[in-house]
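A closer look at the structure
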Amino acid sequence: MNNQVIKRQVDEFGRIVIPKDIRRQANINPRDYITITCNNNRVELEKNNYNDKIKGICNEIIKHFYNVFKNDIIVTDKEKILMCYGENQEELEHKTISKELFDMINDGNLSIARLKSIKITDSEYLKGQYYYIPIKQDNYNIGSIIIDDNNCNDVMIEFMFKI
């Protein structure tokens, strides 16, 4: 990332706008959480990274769910595929998610959805029936769980949604 110095005026409510170029470089999106640190006169902003939190919460539960039900499962944050169990594991893990999936995650109104196909990356579609389950933190979507509908029932999906 380039070091940039940009001066901004603080408005009457104490707000500043982070310039679009800096937001793009730092991959800061609407509803992302930012940590603000103040040391003497120096104020630093840092984008929160939920990868470790999502992995920690989901890993054991998803692994057991996959071992019992054998459904393909994909877990994402708002940027990339964090973990994948099933048929597409090696092909998809760590790839950047598609704009369509990013938009679904950012849509705070969307909860559990049953989809006939989903564009998971810019070049990969999942065909067949899939459940989309948002991962929420403080009422904001920070990622998603996508589960193959094969052998799924609504009780299992509701359980995953409550985690």
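Residues numbered from 1 in each chain as written. Predicted model: local features only at pLDDT ≥ 70, side-chain atom pairs only at ≥ 80, totals over all residues. Heavy atoms only, no water.

1. Observations concerning the packing of aromatic side chains
Evaluated as defined, the whole model comprises one aromatic pair. Sitting above the plane of the Tyr 66 ring, Lys 70 keeps its charged end 5.6 Å from the centroid. Positioned above the aromatic ring of Tyr 125 is the side chain of Lys 127, whose terminal nitrogen or guanidinium carbon lies 4.8 Å from the ring centre. (Phe/Tyr/Trp six-rings, centres within 6.5 Å; stacked < 30°, edge-to-face > 60°. Lys NZ or Arg CZ within 6 Å of the ring centre and 35° of its normal.)

2. Some words on the environment of Asn 3
Note on placement: Asn 3 falls in the segment before helix H1 (20-26). Separated by 141 residues in sequence, Asn 3 and Ser 144 have C-alpha atoms that sit 32 Å apart. (Helix = DSSP H or I, 4+ residues; strand = E, 2+ residues; numbered from the N terminus.)

3. Observations concerning the sheet that holds strand E4 (residues 81-85)
Strand order across the open sheet formed by five strands is E4-E3-E7-E6-E5, with antiparallel pairing between neighbours. For this open sheet the edge positions go to E4 and strand E5 (113-119), each flanked by a neighbour on one side alone. For this sheet, the mean inter-axis angle between neighbouring strands, taken without regard to orientation, is 30°. Lying on the sheet, helix H4 (residues 99-106) is in contact with strand E3 (73-77), E5, strand E6 (125-137) and strand E7 (140-148); it crosses E7 at an angle near 120°. (Pairing = 2+ DSSP bridges. Axes fitted to C-alpha atoms, helices over the stretch in contact; angles between N-to-C directions. Contact = heavy atoms within 4.5 Å.)

4. Describing the pairing of E4
Most of E4 sits inside the fold, with five of its five residues counted as buried. Looking at chain direction, E3 and E4 are connected through four bridges and run antiparallel. Considered in E4, the bridge of Ile 73 is made with Tyr 85. (Buried < 20%, exposed > 50% of the residue type's maximum accessible area, 1.4 Å probe, protein only.)

5. What to know about helix H2 (residues 51-69)
With 19 residues, H2 extends 25 Å from end C-alpha to end C-alpha; this agrees with the ideal 27 Å at 1.5 Å per step. The largest bend in H2 amounts to roughly 40° and is located at Cys 58. Along H2, the positions that sit buried rather than exposed are Asn 51, Ile 54, Cys 58, Ile 62 and Phe 65. Of the residues flanking the end of H2, it is Lys 70, one or two places downstream, whose phi is positive at about 60°. (Expected span 1.5 Å × (residues − 1). Bend = angle between axes of the 7 residues up to and from the residue.)

6. Brief notes about a nonpolar patch on the surface
On the surface, Val 10, Ile 16, Ile 36, Val 43 and Leu 45 cluster together to form a nonpolar patch covering roughly 490 Å² of accessible area. Of note, Ile 36 is situated in strand E1 (residues 34-39). With a relative accessible area of 62%, Ile 36 lands in the exposed category. (Patch = residues over 30% accessible without salt bridge, like charges linked within 9 Å, V, L, I, M, F, W, Y side chains within 5 Å. Areas by Shrake-Rupley, 256 points an atom, 1.4 Å probe, with all protein chains shown as cover. Salt bridge = Lys/Arg side-chain N within 4 Å of Asp/Glu carboxyl O.)

7. Digging into the pairing of strand E2 (residues 42-47)
In terms of burial, E2 is largely open, as just zero of its six residues are buried. The hairpin formed by E1 and E2 contains two residues between the paired strands, and Asn 40 there has a positive phi angle of roughly 55°.

8. Here we look at the nonpolar core
Residues Ile 74, Leu 101, Ile 120, Leu 126, Tyr 132 and Ile 146 are the most contacted members of the largest nonpolar core, which totals 17 residues. Elements that contribute at least two residues to this core include exactly E4, H4, E5 and E6. Considering every element that reaches this core, the biggest residue donor is H4, with four residues. Once residues within four sequence positions are removed from consideration, Leu 126 is found in contact with Ile 74, Asn 88, Leu 92, Lys 116, Ser 117, Ile 118, Ile 120 and Ile 146. The next biggest cluster of nonpolar side chains, apart from the first, holds 15 residues, and it includes Cys 58, Ile 73, Val 75 and Ile 147. (Core = buried A, V, L, I, M, F, W, Y, C linked by side-chain atoms within 4.5 Å.)

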